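In case you want the letters, here they are:
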Amino acid sequence: LNLVGASAGTAVQVGVGPDLSQVTSAVNDFVSSYNTIISAINIQFTAPSDGSAAPPLEANTSLRILQSDLLSNMTYSMTGNNGITSLASIGISMNNDGTLSLDSTKLGSVLQSNFSDFQNFFQSVDSSNQGFGFHFGNDLFNLTDPTQGVLNVELTQNTATQKMLTDQINNFEDQLAITQQQLITQYSKIDSALRQYSTLMSQVSSELATLPTTSK
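Residues numbered from 1 in each chain as written. Predicted model: local features only at pLDDT ≥ 70, side-chain atom pairs only at ≥ 80, totals over all residues. Heavy atoms only, no water.

(A) Geometry of the overall build of the protein. Across its full length, the protein carries 6 helices and 2 strands. When the helices and strands of the protein are read in sequence order from the N terminus, they spell out α-α-β-β-α-α-α-α. The C-alpha atoms of the protein give 39 Å as radius of gyration, which overshoots the globular expectation for 216 residues (17 Å, by more than 25%). Out of the 216 residues belonging to the protein, those deemed buried represent 23%. A fraction of 54% describes how many contacts in the protein between residues 6 or more apart in sequence connect residues 24 or more apart. Looking at the protein as shown, the accessible area adds up to about 15400 Å², and 55% of this sits on carbon and sulfur atoms. (Helix = DSSP H or I, 4+ residues; strand = E, 2+ residues; numbered from the N terminus. Rg over C-alpha atoms; globule rule 2.2 N^0.38 Å. Buried < 20%, exposed > 50% of the residue type's maximum accessible area, 1.4 Å probe, protein only. Contact = heavy atoms within 4.5 Å. Areas by Shrake-Rupley, 256 points an atom, 1.4 Å probe, with all protein chains shown as cover.)

Following this line, the structure appears as structure tokens:
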């Protein structure tokens, strides 16, 4: 605030209103961020048209749970609140692929005429009707909980599986190294024996040549 002047003895009333520009930007950011994650998930469940291998997470159960929870949250609705009860009521609709679209005109109208209800929809302090933000935040927390969240449980399992596979590979490589050394040792013995064989044959031939010949 920059007070440039006031009449002595005259009260100056200062009103504080919502920053609709920042609110609009925040809603756009929410829609954009949500669409980014849903689109990334959709790619994993889209079969390649050229017949190539499916994406690596196509059969991943945890990703299916995440997708289902996110889509379910976008259909959240509350009661009352002067009709501002769902994302659709403020201009956010869901497309067939699960992404969101924003009707900026409808959003602007709601912000101008029903800002308090708009705010209440996202940030209700009513313990029996706590609003979109509370429910969505709880679900996100449950999904990302470090011990019980489906995402971290999946990551923990993947880490354990990766360690198990790494140990198996290391053990197999150790066995291969031992087997390789055994084969090298055996080959060396055979090679040495074969080298001695020609000398032995020469000795036998020499001895046979000294034997007297007989005739019938």
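(B) Spatial organisation of the confidence of the model for the protein. Summarising the model, the protein shows a mean pLDDT of 87, and 98% of its residues fall at 70 or more. Highest mean pLDDT in the protein belongs to strand 2 (residues 100-102) (97); lowest belongs to helix 6 (residues 150-210) (85). (pLDDT = per-residue confidence, 0-100.)

(C) Expanded view of the packing of aromatic side chains. Applying the stated criterion across every chain, the model contains 11 aromatic pairs. For the ring pair F122 and F132, a centre distance of 5.7 Å and an interplane angle of 85° mean the geometry is edge-to-face. Placement of F122 in helix 4 (residues 115-123) and of F132 in helix 5 (residues 131-144) is noted, with a sequence separation of 10 residues between them. Among the aromatic residues, ring-to-ring pairing joins F30, Y34, Y76, F115, F118, F121, F122, F132 and F136 into one connected group. Positioned above the aromatic ring of F45, the side-chain terminus of R64 is 3.5 Å from the ring centre. (Phe/Tyr/Trp six-rings, centres within 6.5 Å; stacked < 30°, edge-to-face > 60°. Lys NZ or Arg CZ within 6 Å of the ring centre and 35° of its normal.)

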